[in-house]
Amino acid sequence: MAESSPKTPGSSAVALASPPSAGADSLVVHRPPAGSIAVFDAPPGAHLKLDFKTSEAKAVLLDVDLVLLFPDGGKTIIPGYAMNLVTEQGEATFSDKTISYQELLALVGDVKLMDDSIVQLASTDAAAAEGKNDTAKEKAPEEPPPSSTPIPADPVIKMTGVADFDKPPEDAAVLPPVQVDNQAVPGSSGTPPTQTNTNTSDNTGNILAAKLAITLLGVSGDIVTPLPSGGETIRGAASVVPATTDPTFSVQQQTKSIVGTNNGDVVYIADPNQMPSGTTERLIDVKVTFPAAGVVAKTATITNLPTGYAIENATHTGNNWVVQLDPLDPNHFQLQLEYVLPSLTAKPDANGFLGNFSLDILFSATGSGQLYQGSQTFAIKDVQSAADATIVSTDGQSTIYGLNATPPGTNVMEGAGNDTVYSGPGADTIDGGGGNNLISYAYSNAGVTVNLATGVGTGGYAQGDILKHFNQIEGSSYADYLVGTGGNTTFYGSGGGDTMVGNGGNDTVDYSKSTAGVSVNLSTGVGVGGLANGDELVGIANVVGSATGNNNLIGTSGINIITGGSGNDTIDGGGGADV
């Protein structure tokens, strides 16, 4: 085993490591001094032994090089080693654990086709490092050949103030028609520019740009499970069935329909297992074209997805998502993209965007060590027309795809049974049918205002909802304002500090789901503790405490029904013929 130590730099920016001995099968890599750059030449198939923990460095791919970045400004470059991670089976040993090449690749936080700010070094001249008496040598980035046209890793779009979920939006401004620079958007449209092979040692070259042809489709397929009562549990998908194959705008934006039984159903308009609170999904059809004819994709890895996003039909490994390719058609695949919806209070930027992100896909090729990357920009916005879904540059060479900030709604028609319906993120029309029916906003990503008497909802998942035939309601985990039917209404406490207005009937507030005990005074309308904390109750006659906690429940001077749980409860009827 050869142990290579980077030489301590003096005034030089880069320290070249001593070359390993001939025939070495492993390479020891030391952490460089703060602010310095160390380069380690790894022989083919060398096993890396790194004297620092996996958590101490961020890994990026720079062309074909593996670069390790440290918080103190130190950088370690292992030229050509990115190819090992993709094309070979092996392990790298850190001071805290040993991981496979695939696991090390999963730790990669970014992929750069070219980035002078990190330092571009295609290879190390080990011979030049010998006999220099430990004097660090500066090494300037090599000038690319005149014919080389570097392709940026991230799209650079000629747009003003593009919104970002992590940044406050800019005030909207009147702009001329959107201008998209197709030369700055690799893989979005047109013929991919040519990359010149600058690595002459192994003929693999740089990471080359691939072209992605994108088609927006929908994710369909409601999941229906029978219940012992004869009813059904229905978990709704995001789109109608034809949207899985038909990209026509009207089909993609079509309202869904769910029809229940007469025996009591549980309906999730948006399946929370597929679309957790505040998210929705689309099917992204991808066809990749490589710069050389006959190239066949071997692997496809999605990198740099924003927080909260996911590829539901891929394997999540570290920061990346690995797609299983069809061996019969490996250059064509589909991605079930889960993305985060902006809040209703978010303001669009000058382009009408409420958010944007780049879909970056790293490819390896069958029978080759060459890496390719394709990227496509998406914007999240209020999609009202086909032009909002497909934003084309004035020269027709580049495209940004628009995703719904508010998904299409769902029409729900229930039957005669006692039904529970969980609303989704779109503007839904929901008819509970006969029976005692519950509408729930438990999965809403914001507080809701719902009036069961008028059937109108606003805010969060209630925005645009129209409700009929519901006499029970559950709010979100945020602050809600809920109004009863005018008849007998049951409100289910959900936390967040809610206002619940009985609206004239013999109304009940139910905190049985609260794991902690609650204190509720129906006379003052104040709730404290557990799911009752911060609640304001108006015109509520009856209360159900926590099923398990210790409750303190006080009635009014009128007739109340007060129900405790299994804990040590204190109950004061407050006068009247109470139960």
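Look up a bit, the structure's there.
Rules and cut-offs
By convention here, each chain's residues receive numbers from 1 onward along its written sequence. Side-chain atom pairs in this predicted model are given and counted only at pLDDT of 80 or more, local residue features only at pLDDT of at least 70, and totals for whole chains, interfaces and linings cover all residues. Remark: hydrogens and water are excluded; side-chain values derive from all non-hydrogen atoms of the structure. In this description a helix means any DSSP run of H or I spanning at least four residues, a strand means any run of E spanning at least two, and both kinds are numbered starting from the N terminus. Each residue's exposure class comes from its accessible area (1.4 Å probe, protein chains only) as a fraction of the maximum for that residue type: buried when under 20%, exposed when over 50%, partly exposed otherwise. By definition, residues are in contact when any of their heavy atoms lie within 4.5 Å. Methods summary: accessible areas were calculated by the Shrake-Rupley approach with a probe of 1.4 Å, and residue burial reflects only the protein chains presented. Buriedness for pockets is judged along seven lines, at least five of which must meet protein on both sides within 12 Å for an open set on the 1 Å grid over protein atoms alone, while cavities are sets there where a 1.4 Å probe fits but cannot get out, and lining residues have an atom within 4 Å of a point. Grid points are joined across faces, edges and corners, and a volume is the space filled by probe spheres set on the points. Only Asp, Glu, Lys and Arg are considered charged in this grouping, and only Ala, Val, Leu, Ile, Met, Phe, Trp, Tyr, Cys and Pro are considered nonpolar; every other residue, Gly among them, is considered polar. In the analysis that follows, any N or O atom pair within 3.5 Å is treated as a polar contact, provided that within protein one partner can donate a hydrogen and the other can accept it, and provided that, for residues neighboring in sequence, both atoms belong to side chains. Put simply, two rings from Phe, Tyr or Trp (the six-membered ring, in Trp's case) pair if the centres are within 6.5 Å, and we call them stacked under 30 degrees between planes, edge-to-face over 60, tilted for the rest. The rule for a charge over a ring is simple: NZ of Lys or CZ of Arg within 6 Å of the ring centre, and within 35 degrees of the ring normal. Only buried Ala, Val, Leu, Ile, Met, Phe, Trp, Tyr and Cys residues count toward a nonpolar core, and they belong to the same one when joined by side-chain atoms within 4.5 Å. Only strands joined by at least two bridges in the DSSP assignment are considered to pair. Definition used for salt bridges: Asp or Glu carboxyl oxygen within 4 Å of a side-chain nitrogen of Lys or Arg.

When you look at the overall build of the protein chain in this model, what are you seeing that I'm missing?
Per the secondary structure count, the protein chain includes five helices and 46 strands. Looking at the protein chain as a whole, 52% of its 579 residues are labelled buried. A sequence separation of at least 24 residues applies to 59% of the contacts in the protein chain between residues at least 6 apart. Surface exposure of the protein chain reaches about 24200 Å², of which carbon and sulfur atoms provide 51%.

Where do I start with empty space enclosed by the protein in this structure?
If a probe as big as a water molecule is rolled over the atoms, it shows which places are left empty. Applying the stated rule across the entire model yields four cavities of 30 Å³ or more. Its volume calculated, the largest cavity comes out at about 90 Å³. Estimates place the volume of the second largest cavity at around 70 Å³. Along its surface, the second largest cavity is lined by Ala238, Ser239, Gln252, Thr280, Glu281, Arg282, Tyr339, Asn404, Pro407 and Pro408. Looking at the lining of the second largest cavity, the element that brings in the most residues is strand E18 (residues 279-289), giving three residues. Across the lining of the second largest cavity, the residue classes tally to four nonpolar, four polar and two charged.

Please explain the side chain of Ser476 as it appears in this structure.
Inspection of the secondary structure assignment puts Ser476 in the loop between strand E35 (472-474) and strand E36 (481-483). Side-chain polar atoms of Ser476 contact the backbone oxygen of Ala446, separated by 3.5 Å.

Honestly, the packing of aromatic side chains in this entry has me stumped. Any pointers?
Two aromatic rings are characterised by how far apart their centres lie and by the angle between their planes. Considering all chains together, one arrives at 12 aromatic pairs under this definition. Judged by centre distance (5.0 Å) and plane angle (70°), the rings of Tyr309 and Phe357 are edge-to-face. Within this pair, whereas Tyr309 is found in the loop between strand E19 (297-303) and strand E20 (310-311), its partner Phe357 is found in strand E24 (residues 353-365), the two being separated by 48 residues in sequence. The pair Tyr309 / Phe357 is uniform in exposure class, with both members buried. Measuring from ring centre to ring centre gives 6.1 Å for Phe333 and Phe363, while their planes differ by 55°; the resulting arrangement is tilted. Taken together, the residues span a long stretch of sequence, with Phe333 in strand E23 (residues 332-340) and Phe363 in strand E24 at a distance of 30 residues. For Phe363, a relative accessible area of 1% translates into the label buried. Counting every residue linked through ring pairs, the aromatic cluster contains Phe290, Phe333, Phe363 and Tyr372. The cationic tip of Arg235 hangs over the ring face of Tyr268; the distance from NZ or CZ to the ring centre is 4.6 Å.

What am I meant to see in the nonpolar core here?
A general trend in soluble globular proteins is that nonpolar side chains are found buried together. If you look at the biggest cluster of nonpolar residues, it comprises 38 residues, and the most contacted ones within it are Ile284, Ile302, Phe333, Leu335, Ile361, Phe363 and Phe378. For this core, the element with the most residues is E24, which contributes six residues. In contact with Ile361, other than residues within four places in its own chain, are Leu212, Val286, Ala300, Thr301, Ile302, Phe333, Leu335, Tyr372, Gln373 and Gly374. Leu27, Ala59, Leu61 and Val64 belong to the second largest nonpolar core, which has 32 residues in total.

Would you explain the sheet that holds strand E17 (residues 266-268) in this entry?
Hydrogen bonds between backbone atoms are what pair the strands of a sheet, whose relative direction is either parallel or antiparallel. Strand order in the open sheet formed by 10 strands is E14-E15-E17-E29-E31-E35-E37-E39-E43-E45, with mixed pairing between adjacent strands. Single-partner strands in this sheet number two, and they are strand E14 (223-226) and strand E45 (562-563). By the bridge criterion, three bridges tie strand E15 (residues 232-235) to E17 in an arrangement that is parallel. Residue Ile234 lies in a different strand from E17, and its bridge partner there is Val267.

Could you clarify how one ought to interpret the pairing of E14 in this entry?
As a general feature of sheets, a regular strand has side chains that alternate between the two faces. Relative to E15, E14 is paired through four bridges, and the arrangement is antiparallel. Within E15, the position partnered with Ile223 by the bridge is Arg235. Two successive antiparallel strands, E14 and E15, enclose a turn made up of five residues, where Gly230 displays a positive phi of approximately 100°.

How should the sheet that holds strand E13 (residues 211-217) be read in this particular structure?
On the basis of which strands lie adjacent, the open sheet formed by four strands has the order E13-E18-E23-E20 and antiparallel pairing. Looking at the sheet topology across the chains shown, the edges are occupied by E13 and E20. Note that E20 and E23 share two bridges and pair antiparallel. Directly across from Ile311, in E23, lies its bridge partner Leu337.

In this structure, what is going on with the pairing of strand E27 (residues 399-404)? I would like to understand it.
Among the six residues in E27, six count as buried, and that is most of the element. Relative to E27, strand E25 (residues 371-381) runs parallel, the two being bridged by four bridges. Note on E27: the bridge partner recorded for Lys381 is Asn404. Here strand E26 (residues 390-392) pairs with E27 via three bridges, running antiparallel. Counted as the bridge partner of Thr390 is Tyr401 from E27. Hairpin connection from E26 to E27: six residues lie between these consecutive antiparallel strands, with Gly396 at a positive phi of about 75°.

What is the right way to read the environment of Thr454 from this model?
By the element assignment, Thr454 lies in the loop between strand E32 (449-451) and strand E33 (456-458). As for Thr454 and Val483, which are separated by 29 residues in sequence, their C-alpha atoms are 9.2 Å apart.

Explain the pattern of salt bridges to me, please; I cannot follow it from the model alone.
Where charged atoms of side chains with opposite charge meet at close range, the side chains can pair. With the rule as written, the count across this model stands at six salt bridges. For Arg31, the salt bridge goes to Glu56, with nearest N and O atoms at 2.9 Å. With Arg31 in the loop between strand E3 (26-29) and strand E4 (37-39) and Glu56 in the loop between strand E5 (47-50) and strand E6 (58-62), this pair connects stretches of sequence that are 25 residues apart. Given the relative accessible area of 31%, Arg31 is considered partly exposed. Taken together, the shared-partner salt bridges connect Arg31, Glu56 and Asp72 into one network.

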